[in-house]
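Observations on the three-dimensional arrangement
So the chains spell out like this:
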Amino acid sequence: MRHEGKTEARLSRIRGSEPPRRHNARTIAALTSNPGCARRAVLDAAGVDKERLAERVGFPAAFGQSRFAIVRGNAFERQVKADGCAELLRLLRDLLALDLRDAAYTDLGADGSGEGLDARHVAARERLTRAPGGEDGEGNPGGEGNPDGALFDHPLLRLEVAGQAVYLEPDLVAFQHGGAFHVVEIKSFPVIDGQADAEKVAAAAVQSAVYVLALRRLLGRDDAVSHEVVLVCPKDFSNVPVAVRLDVRRQLIVLEHQLARLTRIDTLLDALPDDLALDLGQDGAGTPVMAVDALTAALGRVTARYAPGCLSTCELAFFCRREASGRTAALGIGVREELGGVETVAEALGLAHGTATPDDDQAESAAMLRTTARVYAEALGAMPETPAGGAAG
Amino acid sequence: MSVIGAYARALAVRTGFAQPVASVRHIHLAEAPLVLVPLRMAGEANAPLAAMAGTDELSGTLLVVPQPRDRDLRFAFAGLLGDLLLGYVERCAAAGSEPVKPPRTPRQPAGRPLPDSLLSGSPSSSPGGAGGAAVAAGPEGTAGAADGDLRADEDALAAAEATGPERFLDAPQVLVPNRAGVEFARLFGRSTRFRSTLGEYAVPAGVPLLGRWLTFLAQRAEHPGSSALVAMTEALTLHWATGQSALEDANLAALMAWIDPPDGLSGPEAARLAEDPRTWPPAGPTTDPQFDNRVLAPAIAAYDEAIALLREQAGLAGAPDPLLADPDVIDSRFRAADLGAARVWPGAPDAPVQSWLRARDEVERAVRGQIEPTWRLMWRAVRRLRELPDAASVPRRWEQDRTRFTSYYAYLRDEDGGLPQARRDGAVAAARRLAVLERELAAYEADQAFDDPLVLANQRVTGDAFVGTVVAAERDRRIANERGTLVTRPLVEVVTVDPVRLPIGTKVCSPARVGQTGVIMSLEPAADGLLVSLELSGGMGRAKVPPPGSVPDMDEVISYTSVLPDGAFSAALPAPEDTPWTHGGPPTPYEPTDGDAEETWA
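Heads up: these notes are all about the structure in this document. Not measured: the values here are computed from a predicted model.

1. Re the overall build of chain B
What chain B contains, in helices and strands, is 18 helices and 17 strands. Put simply, chain B has 602 residues, and 51% of those count as buried. Contacts in chain B between residues far apart in sequence, at least 24 positions, make up 71% of those at least 6 positions apart.

2. Things to note about the pairing of strand β6 (residues 181–186) of chain A
Residue and element names in this part refer to chain A. Within β6, 6 of the 6 residues are buried, which leaves the element mostly enclosed by the surrounding structure. With burial as the criterion, each face of β6 is covered, one bearing F181, V183 and E185 and the other bearing H182, V184 and I186. Sheet topology note: the strand β5 (residues 172–175)/β6 ladder contains 4 bridges and is antiparallel. From the neighbouring strand, A174 faces β6, where its bridge partner is H182. The parallel pair β6 and strand β7 (residues 228–234) is bridged by helix α7 (residues 198–219), and the resulting crossover is right-handed.

3. So, the sheet that holds strand β1 (residues 105–107) of chain A
Residue and element names in this part refer to chain A. Within the open sheet, the 6 strands sit side by side as β1-β2-β5-β6-β7-β8. Their pairing is mixed. The open sheet has two edge strands, β1 and β8 (241–247), and neither has a second partner. The mean angle between the axes of side-by-side strands here comes to 25°, regardless of whether they run parallel or antiparallel. Against the sheet, α7 engages β5, β6, β7 and β8, with an angle of about 145° to β6.

4. Here's the deal with the packing of helix α2 (residues 71–93) of chain B against helix α7 (residues 206–221) of chain B
All names here are of chain B. Between α2 and α7, the least distance of the axes is 8 Å, while the angle of their chain directions is 60°. Judged by the angle between their axes, α2 and α7 are oblique. The two elements α2 and α7 meet at a crossing, and its hand is left-handed. Touching F75, A78, G79, L81, G82, D83, L85, L86 and V89 of α2 are G206, V207, L209, L210 and W213, all from α7. Taken together, the residues of the contact of α2 with α7 sort by class into 10 nonpolar, 3 polar and 1 charged.

5. So, the sheet that holds strand β2 (residues 34–40) of chain B
Residues and elements named next belong to chain B. Ordered by their spatial adjacency, 5 strands build an open sheet running β4-β3-β2-β7-β8, and the pairing between neighbours is mixed. What marks the edges here is a single partner per strand, and that holds for β4 (61–64) and β8 (229–231). Within this sheet the neighbouring strands show an average axis-to-axis angle of 20°, counted without direction. Relative to β8, strand β7 (residues 174–176) is paired through 3 bridges, and the arrangement is parallel. Bridge pairing in β8 links V176 to A231. Where helix α14 (residues 350–386) meets the sheet, it contacts β2, β3 (48–54), β4 and β7, and its direction lies at approximately 145° from that of β2.

6. Quick look at the environment of A391 of chain B
All names here are of chain B. The topology assignment puts A391 in the loop between α14 and α15 (394–413). For the pair formed by A391 and P20, sequence separation is 371 residues and the distance between their alpha carbons is 15 Å. Residues within four places of A391 in sequence aside, it is in contact with V24, R25, H26, D451 and D452.

7. Considerations on the interface of chain B and chain A
Taken together, the contact pairs 47 residues of chain B with 48 residues of chain A. Mapped by element, the contributors of at least two residues to the side of chain B that touches chain A are α1 (3–15), β1 (19–20), α6 (179–192), α9 (246–249), α12 (289–317) and α17 (453–462) of chain B. By residue number, the principal contributor to the side of chain B that touches chain A is α1 of chain B, which donates 9 residues. Class assignment for the residues of the side of chain B that touches chain A results in 26 nonpolar, 11 polar and 10 charged.

What counts and how
- Residues numbered from 1 in each chain as written.
- Chains lettered and ligands numbered in written order.
- Predicted model: local features only at pLDDT ≥ 70, side-chain atom pairs only at ≥ 80, totals over all residues.
- Helix = DSSP H or I, 4+ residues; strand = E, 2+ residues; numbered from the N terminus.
- Buried ≥ 20, exposed ≤ 12 C-beta atoms within 10 Å, placed from the backbone.
- Contact = placed C-beta atoms within 7 Å.
- Pairing = 2+ DSSP bridges.
- Right-handed = clockwise from strand over helix to strand, strands pointing away.
- Axes fitted to C-alpha atoms, helices over the stretch in contact; angles between N-to-C directions.
- Parallel < 35°, antiparallel > 145°, perpendicular 65-115°, else oblique.
- Left-handed = near helix turned anticlockwise from the far one by under 90°.
- Nonpolar A, V, L, I, M, F, W, Y, C, P; charged D, E, K, R; others polar.

Here you go:
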């Protein structure tokens, strides 16, 4: 593409002296929340370290993970994969009608030979495309004597995100007899009586969708990878794994849209001043290239679209929240709608109290807000003034 | 988000303080509720780390599991928490009982009577299956119970029937910090109610009972209007709107910061401080990851080491394992001399015992620092809520909680009863449960608007209700009904400036005159608003000319709403035994299996 080099250069100018931050499945998954935020799109495309940026401008986000959760997660994955995935094979046999032989297990993980990510990816690519579902292995799926299925552990996939190659390592990929590849995701949150924490399942679904997409790109065919991923979790309160299918079609659509948007970042960049930079690096003497004020000012030049949901997904959320204070959207989309969709709290109250004149579009909202204010005051008049409210006037 | 709620949030942003969205308290608040602050270990399936519980701020009991991955310690914890909760349940049951009037008798609870329509429309007149009619319940209680959510509840009804028509005067009320706390109770109930006190995996006696009661409470918590198990954040946001989002309101400390900020601070300032986990530890059940990594993990590791050392020494000395499921270790009130280890192994060398106790105390100290701020916050919130007067319909809804408590209490004591609640609802039970929840929600919302002008305000904005002044009243109007008999149907005209959006013929009711319904006859623009004329019926006695005061008078300010408690009436479901084959036929009763009791809890 003609613009590609130019865009690259532009993004690298924004990032400055720092190396681009590498994406992983989690950060790619996070791209799907709040897709309308230009600030986030630009920062992600440029590979700026948002966590450090938030810290520098004085709004650190606490996105830590408890050591207990990490330990448990690793232990569960190890257990499920023990003895060449013996336990997992049993589960997949039932769930996918996968007729796996012990020999079908292939570990594509790092073997300690110190080979780079590239080499591992090439090896994984070779191995996966040679499997019957891959582009080179047409075979005859129903025939006798074909490899019926296979498990690939630690395959290293690659996905282009905003012009950068991102390496991804799904927990496991399974090939189903006569069918397609299935991404297998091992998570340590429990499925109790067939139900799991909805938020965690949603997160796992998006993350798995990232792997599905990467695998599809690797194999070059969409139908080679099923949109149904397999989620393996502990059952009830035990360590016994249970496998369920998870449809990630919706997540795939959002993800593809969002990735495509990142590559079309030019439109967003064109609207930004040419000298925009968010350099978190230091010069030779160890002093930061950009002072806090400069960073804050630069951030302010890229429009954000803050919503309360950002607090649980984006490292910069506290900064944006502060910036958005006084805006109706900061109170939640529902509140904004109820307030007639007006931009700021001051404006909404102005219309409600008749101190601001509505324009034509606002006439209806304004009438509703005036009624609300009148009715609220009337209803409140029936009760004693609260101390806090009184103090504030 | 209601429009009044949104406007109140906007006002809160401007003033810097939470704004009221209710003028009365819509939930019941016991004189001494059981406050429960649970903590669990991150990553594990609802493994308890600690709980602080009690009915008095100054005498809360702290239970800390020094190694939450240890199965025996978990059940020891469940046993102690069980003792605590069961003690509370027994105190509620011992507070006395009252005779229950037979169903179909309209009651006149404090505040206002039920509209006739609710009584006749409610399934209490035809309780499905389970023979619920004779159960210890007023019409409301029967309605809820007859459509029981789980098999065990239907059994509970049968059991209650046998115990006689009595209802406890008190019922347990458990307050937890947030929605996740309710979920903790549900899951902890689920993980303990099937356990057996006999056999290979025997647990302390209180454990399965704790499970049943926690499950009972968690199920009640799903019922709109129930105050049996309440998430404090939800109780507070029902009454106040803050200048932050609903998502941020889920943080109890930040929410209270807006409602009751410390002196000299505004809501937003206090809320920002409250969001810092170092100043205000999260209200749980999940702990702050930084606390986990920096404080808790090292403390638990030290405990593990001390235990290993103690066991090694005991092994060398030929003594039995000094830690065989000793529950005392997790009760912070017990000191060294009380502990079982000292009993099991009297001659234990001092050094390893002391280092083990120090390690235990260290975990406890760390956890106490995380749980106590929330404990105090809970009681502050209780006091703040108590400042609001009870809404008129609170006693009636609490009566329903008491009814369910009474029947479940009886069921657990019944010879044939006491089975744990099933893991999942069957299709029939689920359908019934859903129907009940929908009806209760509609009734609860209507009740709130009836009880509280601030809630009614929402309906006024949306045009479903209006407040106006009576400008004309024809008290002695008599018309012929469809049978040709003359009936008294007074006509009143109300002028309102509210944006009424009700079609002619709509049935409305006034909170000031429950039992009297009006039908909108006409709506005409008037000089200063809208002129609504209403034809009234009911609530005015049998005299040809209604006595003065029974019908709105000239110049009276009156409110009318079209949202009535019986609005969500739906067709009755068939009795369980009449379930058609299309829906799987009559459900088979739930029987717990031995497998349930042996379920591993890793």
